[in-house]
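Chain by chain, the residues:
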Amino acid sequence: NVAIVDRDAALVAATATEIGARSLVADVAALPATGVAFAQLIADWGRVDILVNNAAVLSTVPFHALDVAEWDRVMAVNLRGAYGTCRAVAAVMAAKGYGRIINIASVAGKRGGGLFGSAAYATSKAGLIGLTKALARELAPAGVTVNAICPGPVQSAMTAGMAEALKARALSFVPLGRFALPEEIAAAVVYLSSDEAAFVTGEIFDVDGGLIMD
C-alpha cells in the first residue's frame, strides 16, 4: 500500500491514479494538517512501514538580501515539514518494531550551497542531515532505521526553469558530466527501504555523479 501526500490536490490525485496509490492533501509546512492526514492513514492501515520525505522548496536569495519571511518559508517546508512527518510515524513504527525513514537532503547541506541553493536552502538541508542522524540514534533500539540521500543536480521541476548559465555552472562540478535522473534517486530510496539495508542507519548517501567524494 502506497500513499502520497502533496498540497496540490489535482496533482496528487492524478499521480495517485497513475501509480495506483492513495492520495492525501496536506501542506507539510502546516503541522496540524500533516498530523490529521497521517492520523487518518494510520487509523485505516494500522501502520506505516516506510516514510520518504521528499517535499522541498528552493531559495537562491543571497544572505545579504535574505529576510525572515524567506528564511521561515524554506525552513517550514524543508526542515519543519520533515520533523512533522517523522513525528507522525515514529511512534507507530517503534510500536511495531519496524520502520524505514528516508529523508531527501541535498549536497547543498554538506557543501554550504554554492550550486543552486543559498544560505536558507543549505541550512535547511544541513539541518535535515542532523535530524536524520539524531533520529537514527534514537529510534535504532526500536528497529527503525533512518537515513538520508543527498542528490546533486537532478532533472526535475525544481531545476527545469533555471537559467541555462546556472545549469551549466552546476554541471561543471559534476565529474560524470550530467544531471541525475529522478529514477536514479528513487533507486537509492528503494535500496534504503529494502531488507538489504536492514543494517544501515544514520547514513548520508550521496547520489551526485561524483560531486562530493567523502
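Residues numbered from 1 in each chain as written. Predicted model: local features only at pLDDT ≥ 70, side-chain atom pairs only at ≥ 80, totals over all residues. Heavy atoms only, no water.

K.L.:
I'd like to hear about the overall build of the chain, residue by residue, with values.
P.N.:
Within the chain, the regular secondary structure consists of eight helices and six strands. Written out in order from the N terminus, the α and β elements of the chain read β-α-β-α-β-α-β-α-α-β-α-α-α-β. Taking 2.2 N^0.38 as the reference for a compact globule, 214 residues should give roughly 17 Å; the C-alpha atoms of the chain span a radius of gyration of 17 Å, in line with that estimate. Oriented by its inertia axes, the alpha-carbon framework of the chain measures out at about 50 × 35 × 35 Å. (Helix = DSSP H or I, 4+ residues; strand = E, 2+ residues; numbered from the N terminus. Rg over C-alpha atoms; globule rule 2.2 N^0.38 Å.)

K.L.:
An account of the side chain of Thr85 is needed here, citing residue identities and associated values.
P.N.:
With respect to the helices, strands and loops of the structure, Thr85 is situated in helix H3 (residues 68–96). Judged by its relative accessible area of 2%, Thr85 falls in the buried class. Here Thr85 is in contact with Val28, Thr34, Phe38, Leu51 and Asn53, once residues within four sequence places are set aside. (Buried < 20%, exposed > 50% of the residue type's maximum accessible area, 1.4 Å probe, protein only. Contact = heavy atoms within 4.5 Å.)

K.L.:
Describe the state of the cysteines, with residues and values.
P.N.:
Across all of its chains, the model carries zero disulfides by this definition. Its sulfur unpaired, Cys86 is 15 Å from the next cysteine sulfur, which belongs to Cys150. For Cys86, a relative accessible area of 3% puts it in the buried group. (Disulfide = S-S within 2.5 Å.)

K.L.:
Quick rundown of the packing of H3 against helix H5 (residues 119–139)? Include the residues and the values.
P.N.:
Viewed as axis vectors pointing N to C, H3 and H5 meet at an angle of 15 degrees, and their least axial separation amounts to 8 Å. Taken together, the axes of H3 and H5 are roughly parallel relative to one another. Crossing angle aside, the handedness with which H3 passes H5 is right-handed. Listed contacts from H5 to Trp71, Val74, Met75, Asn78, Leu79, Ala82, Tyr83, Cys86 and Ala90 of H3 are Ala119, Ala120, Tyr121, Thr123, Ser124, Lys125, Gly127, Leu128, Leu131, Leu135 and Leu139. Of the residues belonging to the contact of H3 with H5, the class tally is 15 nonpolar, four polar and one charged. (Axes fitted to C-alpha atoms, helices over the stretch in contact; angles between N-to-C directions. Parallel < 35°, antiparallel > 145°, perpendicular 65-115°, else oblique. Left-handed = near helix turned anticlockwise from the far one by under 90°. Nonpolar A, V, L, I, M, F, W, Y, C, P; charged D, E, K, R; others polar.)

K.L.:
How would you summarise the pattern of salt bridges if you had to cite specific residues and measurements?
P.N.:
Evaluated as defined, the whole model comprises eight salt bridges. Arg47 is paired through a salt bridge with Asp49; the nearest N and O atoms lie 2.8 Å apart. A single network of salt bridges, built from pairs that share partners, joins Lys110, Asp206 and Asp214. (Salt bridge = Lys/Arg side-chain N within 4 Å of Asp/Glu carboxyl O.)

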